Protein chains: 2
Amino acid sequence: MSKTSIKIKTLFAEQATQMGQEVTVRGWIRNHRKQKNMGFIELYDGSCFKSLQLVYTTEKDVDGTLKSLHNGSCIEATGTVRQGFQNELIELNVAEVTLLGDCPEDYPMQPKRHSIEFLRENAYLRPRTRLFQAVFRIRSVAAQAIHSYFTDRGFLYVHTPLITANDAEGAGNTFTVTTLDVGGTKSNTEMSVEEAFKEDFFGMPTSLAVTGQLEAEVFAMAFGEVYTFGPTFRAENSNTKTHAAEFWMIEPEMAFCDLDRLMDVEEDFLKSILGYIMERCDDELVFLEGFSKLSLRERMQAVIDSKIIRVRHEEAIRILRESGEDFEFEPKYGEDIAKEHEKYLTEKHFKAPVFVYDWPKDIKAFYMYQNEDGKTVAAVDLLVPGAGELMGGSQREVRYERLKARMNELGISADSMWWYLNLRKYGSCDHAGFGMGFERLLIYVTGMENIRDVIPFHRTPGSCDY
Amino acid sequence: MSKTSIKIKTLFAEQATQMGQEVTVRGWIRNHRKQKNMGFIELYDGSCFKSLQLVYTTEKDVDGTLKSLHNGSCIEATGTVRQGFQNELIELNVAEVTLLGDCPEDYPMQPKRHSIEFLRENAYLRPRTRLFQAVFRIRSVAAQAIHSYFTDRGFLYVHTPLITANDAEGAGNTFTVTTLDVGGTKSNTEMSVEEAFKEDFFGMPTSLAVTGQLEAEVFAMAFGEVYTFGPTFRAENSNTKTHAAEFWMIEPEMAFCDLDRLMDVEEDFLKSILGYIMERCDDELVFLEGFSKLSLRERMQAVIDSKIIRVRHEEAIRILRESGEDFEFEPKYGEDIAKEHEKYLTEKHFKAPVFVYDWPKDIKAFYMYQNEDGKTVAAVDLLVPGAGELMGGSQREVRYERLKARMNELGISADSMWWYLNLRKYGSCDHAGFGMGFERLLIYVTGMENIRDVIPFHRTPGSCDY
C-alpha cells in the first residue's frame, strides 16, 4: 500500500489535467485480451461504472508477468494517462503491474453473459459483474436520494423497532422472534403457551415488524414531519417475482396533512427521487436499458414530466367497466383493483401515473380515515406505468371513538393498542403518510424483473444463503 | 388545513423579513401561562428545538376560548410577528386560534420535570418533551451525518441481510427467527431437530444478524469502499445501561486498506461526524448540557482538535501496569482492557482519544489479520474520553490457509462459510473495516446515561413495549 493511488472515477472526472501524468490505480481485471504484440486489460475498481483500459506491449513484458494475469485478479498498475484510440476515453499506458490477489482460471465469473439464475446462486460474486455493479450502485444512490429528500425538507429520521409485540397476535404472516426452543422438538406439554412465553427473552410473544407506521405516528405527533427507512418482514409463503421475506420500506408520516396534501407530497417525492437517480446513474441506466430492452430513462422522464392523475376508486372502477377490455378479473365496485386493471388505467386509458383514492373501507386497514359516505376511507394508491402500485398511503383516523369502533369491528385488541388510541386523545391533529417498498422502486428503475435481483442477499421461502 | 402555515424553524430563520407580517403557525402547547390581562402560550411544532411564544390579551379573548386552552393541545394560531419583550426572540401577537386537538387536564406530560423512568414508561409521549426533542433530533442529524460522510467519499451503501443462517450454530446470543411453533407447547417428539427445521420458512435454522461485516466484505471486493447502516440484534440477557437487544450499527469496509489507513479513516470519520452534529444542533446540545451537567460541546471539540494517540495493546498494558493506580482488575498482557483501564488511558494518562491496536489474537475474532509475531492480530479499538470504546475494527485475514486454520482452531465450520473463504481465492486484496454502535455514539454526544433513552422504543430483556 505504499504508492498513492487514484480512483478510476476521479481519473475520468479529471482526465483533462491527468493527461500525460503517471498514476497508479488498483482494481480487478474484468477482461484481459491478448494480441501478438500487445495486451489490453479492462480494469474496474467499483468507484464508477466505467472500466479503465490498461494497455501494454509484449516487448515490455519481458518475463511474461502481464500476459499471465487472469480475469478476476486484483492488481495495482502504474502507467501514463493517454488518449485512447477507439473512443473518447482515456487509457493507461502501463509501465508496471503488481499482482495483489490472483484469481484461478476456474473463477465462476467469466467475461461472458451468465444466466440471471447462475448469478443469483453466486450472489457473493455477482456484485462484480457489470449488471450488478449497475443495480447495486442505483440501490445505493436511490437510498441517498430518499434520505436527501426528507432531510432537505426538515423531516426527522426515525428508527422504529424491528422486534415488536404489536403484530404477534393472529396476524399470521409474521416471523416469530424467540430465544425459546423451536419446532416442538423439546416438548413441555405441562406448560401453557402463556407460561412458555413468560420464559422468552421479552416475556411475551414477539415477532418481526411488518410496518413502522404506528410508531412513526407517535413521532409525527411530536416532530411534525418524520420518516422511517428500514427493513420490514413478511413471512408470506409465496414464491413470486415480487415478494421477499425481508425488504426495505420508506414510511413518511406528516402532521397537519390531509389526503390532498399527501398526494402532493407523494408526487413531488417520486419525481424528485427519479430525477436524483437519473442525474447520477446515466452509465448504469444505459447499460440496464441494453440488458432489459426497456426505455428506462424515457419512462422515468415521462413520470417526471407528467401531472399525476387523481381519480376516486369508484370512478376508476367505472372507467374499467366501461373500457370494453376483456379482463381476466371483472372490475367490481367495492373491490380491489387487479394488476391488469392497473396496467389498463396507467398505460392505456390515462397514459400517465394515477392516484386512485377513496377506497372501499372493507379492503383497507383499520387506521384509515373514514369518509362521510360511510363506505370509503381516505386511502390512496399510486399506480405508475410499468411499475403498478408503487406507494400506498392514507389520511389516518384521528377520531378516537370511530377508530376504536373500527378496531372492534375488525377484532383488533384495543388493549394492546392503548398507546395508539391515546395519540388521538392527547393533542391530536389530522395526519397522513404513505409507504413505499424500496425494492419495488428499484425493480421499476432498473428494469430487473425479480426482487431477488435488486437485493444484495435475498430471503425468500426456502432460501437464506450467505 | 385551508390556511397557509409557516414552520417555527422558518419563522426564526427569516425573522428579519417576517417582522410585522401576519402568519399562521400550527403546533402543540408546551406551556400556557395565564396572567390577569394577558396569556402566554409556548408553542412548538417539532421543526426546531425552540418554541414560539404566542401572546394574547384577555380583552381580545372575549369568550374565553384562548384562556381555556390546555397544555398538550394542538392548535392553529394566526397573528402578527413582533419583537419579544424579554429576549431577542420574536413572538406572535395572536389574533385568532383554532383548537385542532384538545388535550385533557390529566395529560401525563405536564410542564414540569418528570423522572427519566416515568418518561421511559411513556415512550409514546416522551418525544414531545424538550429532553427527547433534543435527543431524537440529534439521533436524526447524526444518521444524516453518517450517510453524508460516506456518500461524499463515494462509499456504496449496502443493505446486508437481517435474517441469517450464518450465526445460527452455537453462537448462543442470537434470536431465533421462525414460523414454527415455539416453546415446546405443541410437541412433536417423533421429529428430529433437522427434520423440524425443514418445515421452517427457510428450510433451515435462522437467526437475527449480529453483524453485517461478512456480507460487507463481499461488496468491498466489488465496489472497493462500502458501508452498512442498519439494525443489529443481540439476545444477551444483561440488564445494563449500555446493552439493548436491538440497536443500529455502522460498518464500513474498505479494499486496499491496512490497519494504518483504517485508523486514519476512523479518526477523520469521528471528527467529521462530531463537527456535523455540533454545527446543526447547538440549541439541543446547550439544553442537554444543562440536563446532564456535562460539557458536551467542549469534550466533542477536544476530540475534533486532538491528534488521536496510537498505542499497541502491549504498550497500553505496560502503561497501565506502571501507572501506580489502584485498579479493581489488574491489567494483564494478553488480556482485555477493562472500562477503568480505558478511563485511565484516555482521561488521565493521554488526556486524549486513543487507538489501541495489535490485540492478543485469542481475545479477538477469527477474521482478523494475524500479525507476524504469531500472538497478535491487526485489530484496533478506539477509546474516547467520556465514551470508552466507540469503534472496533481490524484489517481482515485474506490469506486463505491462515484463515481456514484459525476457523478450525475456533471450531467455526468452513463448510457454512465457504463463500467467505472463497473471497480470499478470487482476486482478494488487503481490506479493513470497523464497526460503530450508533447508540454508543449517541450516548456520548447527548450525555444520556442509558441506551434506553437514545432509542425511540427500546428492546431489552423483558421489555418490548409499543
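Residues take numbers from 1 onward in each chain, read along the sequence in its written order. Ligands are numbered from 1 and chains lettered from A, in the order in which they are written. With the structure being a predicted model, the display of local features is reserved for residues of pLDDT at least 70 and the display and counting of side-chain atom pairs for 80 or more, all residues being used for whole-chain, interface and lining totals. Only hydrogens and water are set aside when side-chain values are computed; all heavy atoms of the structure are taken into account.

This is how it is decided: UniProt positions are given in the numbering used here, feature names are shortened, and annotations may be inferred rather than shown by experiment.
With an unreviewed UniProt entry as reference, chain A is termed Asparagine--tRNA ligase, source organism Eisenbergiella porci. Quoted straight from UniProt, the Catalytic activity (unreviewed entry) entry for chain A says "tRNA(Asn) + L-asparagine + ATP = L-asparaginyl-tRNA(Asn) + AMP + diphosphate + H(+)". According to the UniProt record, the Subunit (unreviewed entry) comment for chain A is "Homodimer."

Section: the overall build of chain A
Threshold: Here a helix means four or more residues in a row that DSSP labels H or I, a strand means two or more in a row labelled E, and each is numbered from the N terminus. Here's how the labels work: a residue is buried when its accessible area is under 20% of the maximum for its type, exposed when over 50%, partly exposed in between, all with a 1.4 Å probe on protein chains only. Note on contacts: a residue pair qualifies if any of its non-hydrogen atoms lie within 4.5 Å across the two residues. Calculation of accessible area relied on Shrake-Rupley with a 1.4 Å probe; when residues are assessed, cover is drawn exclusively from the protein chains displayed. For the purpose of charge, His is not counted, nor are the chain termini; Lys and Arg are scored as positive and Asp and Glu as negative. To locate a charge, the coordinates of NZ of Lys, CZ of Arg, CG of Asp or CD of Glu are taken.
If you tally the helices and strands in chain A, you get 14 helices and 16 strands. Seen through its C-alpha atoms, chain A measures out along the principal axes to roughly 85 × 60 × 45 Å. Looking at the 466 residues of chain A, the share that counts as buried comes to 59%. By sequence separation, contacts in chain A at least 24 residues apart represent 66% of the contacts at least 6 residues apart. Taken as a whole, chain A presents about 18,800 Å² of accessible surface, with 46% of it coming from carbon and sulfur. If you average the places of the 54 positive and of the 72 negative side-chain charges in chain A, the two averages end up 5 Å apart.

A few points about the sheet that holds strand β4 (residues 74-83) of chain A
All names here are of chain A. What counts, and what does not: Two strands are said to pair when DSSP picks up at least two bridges between them. Here an angle of 0 to 180 degrees is reported between the N-to-C directions of two axes, which are lines fitted to C-alpha atoms, with helices fitted over the stretch in contact.
Read around the closed barrel, five strands run β1-β2-β3-β5-β4, paired in mixed fashion. Pairwise comparison of adjacent strand axes, ignoring direction, gives a mean angle of 55 degrees for this sheet. Pairing geometry for strand β2 (residues 38-44) and strand β3 (residues 52-57), over six bridges, is antiparallel. Bridged to Ile41 within β3 is Leu54.

Concerning the relation of the copies chain B and chain A
Just so we agree on the cut-off: The copies were overlaid by least squares, fitting only the C-alpha atoms of residues that reach a pLDDT of 70 or more in each copy.
Under the fitted operation, chain B is carried onto chain A by 0.0 Å of movement along the axis and a turn of 180 degrees, and the coordinates agree to an RMSD of 0.0 Å. Here the symmetry operator amounts to a two-fold rotation axis. Looking at chain B, 100% of its interface residues are interface residues in chain A too, so the copies touch through the same face.

A word on the sheet that holds strand β6 (residues 156-157) of chain B
Residue and element names in this part refer to chain B. The eight strands are arranged β6-β10-β11-β16-β15-β14-β13-β12 in an open sheet whose pairing can be described as mixed. Looking at the sheet topology across the chains shown, the edges are occupied by β6 and β12 (309-312). When strand β11 (residues 246-255) meets strand β16 (residues 431-437), the two strands line up antiparallel, connected through five bridges. Residue pairing across strands places Ile250 opposite Met436, the latter belonging to β16. Sheet strands in contact with helix α14 (residues 438-446) are β10 (225-233), β11, β14 (376-384), β15 (388-395) and β16, and its direction is about 55 degrees off that of β16.

Observations concerning the state of the cysteines
Basically, it comes down to this: Criterion for a disulfide: a pair of cysteine sulfur atoms within 2.5 Å.
Applying the stated criterion to the full structure yields zero disulfides over all chains. Left unpaired, B:Cys429 is separated from the closest cysteine sulfur, that of A:Cys74, by 4.1 Å.

Here we look at the domain arrangement of chain A
Residues and elements named next belong to chain A. Selection criterion: Note that domain bounds follow an automatic or database assignment of domains. By convention, the term buried area covers the 1.4 Å-probe accessible surface removed from two parts as they join, with the contributions of both added.
Assigned domains within chain A: domain 1 (8-101) and domain 2 (130-174 + 210-453). For domain 1 and domain 2, the distance between their C-alpha centres works out to 46 Å. Contacts between the two partners involve seven residues from domain 1, matched on the other side by seven residues from domain 2. Among the residues of domain 1 in contact with domain 2, Arg30, Gly46 and Phe49 are the three that bury the most area, contributing 76% of the side total.

As for the pattern of salt bridges
All names here are of chain A. Our working definition: Any carboxyl oxygen of Asp or Glu that lies within 4 Å of a side-chain nitrogen of Lys or Arg is treated as forming a salt bridge with it.
What the rule picks out here adds up to 70 salt bridges over all chains. Between Arg82 and Glu91 there is a salt bridge, and its shortest N-O distance comes to 2.9 Å. Arg82 gets classed as partly exposed once you look at its relative accessible area, which sits at 24%. One salt-bridge network, held together by shared partners, links Asp264, Glu267, Lys271, Lys307 and Arg310.

Here's the deal with the packing of aromatic side chains
Ring pairs (aromatic) are described by centroid distance and by the angle formed between their planes. The condition that has to hold: Pairing of aromatic rings covers Phe, Tyr and Trp, the last counted by its six-membered ring, and requires centre-to-centre distances within 6.5 Å; plane angles under 30 degrees mean stacked, over 60 mean edge-to-face, and any other angle means tilted. Charge-over-ring contacts are defined here by two conditions on Lys NZ or Arg CZ: a distance within 6 Å of the ring centre and an angle within 35 degrees of the ring normal.
The final tally for this structure, using the stated rule, is 58 aromatic pairs over all chains. Consider the rings of A:Tyr107 and B:Tyr426, whose centres lie 5.1 Å apart with planes at 50 degrees: the pair is tilted. On the criterion of chain membership, the pair formed by A:Tyr107 in the loop between β5 (90-101) and α3 (116-121) and B:Tyr426 in the loop between α13 (418-422) and β16 is interchain, its members lying in two chains. With respect to burial, A:Tyr107 and B:Tyr426 carry one shared label: buried. On the numbers, 5.4 Å between centres and 40 degrees between planes, the contact of A:Phe256 with B:Trp28 is tilted. Residue A:Phe256 is found in the loop between β11 (246-255) and α7 (259-280), and its partner B:Trp28 is found in strand β1 (residues 22-34); the two belong to separate chains. By relative accessible area, A:Phe256 is classed as buried at 11%. For B:Trp28, a relative accessible area of 0% puts it in the buried group. Through pairs of rings, three or more aromatic residues link up here, namely A:Tyr124, A:Phe132, A:Phe136, A:Phe457, A:Tyr466, B:Phe219, B:Phe223, B:Phe366, B:Tyr367, B:Trp418, B:Trp419 and B:Tyr420. Over the aromatic face of A:Tyr149 sits the side chain of A:Arg153, whose NZ or CZ is 3.6 Å from the ring centroid.

Here we look at helix α11 (residues 339-349) of chain B
Residue and element names in this part refer to chain B. The complete set of buried residues in α11 reads His341, Glu342, Tyr344, Leu345 and Thr346. Residues of α11 that are buried in the fold lie against α10 (313-321), β13 (354-360), β14 and β15. Of the residues trailing α11, Lys351 is marked for its positive phi of about 50 degrees.

With respect to the interface of chain B and chain A
The following threshold applies: Pairing of N or O atoms within 3.5 Å defines a polar contact, subject to two protein rules: one partner must be a possible hydrogen donor and the other a possible acceptor, and residues neighboring in sequence count only if both atoms are side-chain atoms. Under the convention adopted here, Pro, Cys and the residues Ala, Val, Leu, Ile, Met, Phe, Trp and Tyr are nonpolar, Asp, Glu, Lys and Arg are charged, and Gly plus all remaining residues are polar.
The interface is formed by 121 residues belonging to chain B together with 121 residues belonging to chain A. Surface buried jointly by chain B and chain A totals about 9,200 Å² across both partners, of which 67% is contributed by carbon and sulfur atoms. Of all residues in chain B, the largest losses of buried area upon contact with chain A belong to B:His159, B:Phe256 and B:Tyr426, amounting jointly to 9% of the total for that side. Run the count over chain B and chain A and you get two salt bridges. Where chain B packs against chain A, one counts 29 residue pairs in polar contact (both at pLDDT 80 or more). The dominant element in the side of chain B that touches chain A, judged by the number of residues it contributes, is helix α4 (residues 130-152) of chain B, at ten residues. In the side of chain B that touches chain A, the residues fall into 62 nonpolar, 38 polar and 21 charged.

Structural notes on the pairing of strand β5 (residues 90-101) of chain B
Residues and elements named next belong to chain B. In this structure, strand β3 (residues 52-57) lies alongside β5, joined through three bridges in parallel fashion. Across the sheet, Gln53 pairs through a bridge with Glu91, a residue of β5. Of the strand pairs in this sheet, strand β4 (residues 74-83) and β5 are connected by ten bridges, and their pairing is antiparallel. Its bridge partner lying in β5, Gln83 is registered against Ile90. Here β4 hands over to β5 after six residues, the two strands then running antiparallel side by side.

Focus: the confidence of the model for chain A
Spelled out, the test is: Residue-level confidence of the predictor, termed pLDDT, takes values from 0 up to 100.
The predicted model of chain A averages 94 in pLDDT, with 96% of residues at 70 or higher. In the predicted assembly, ipTM is 0.96 and pTM is 0.97.

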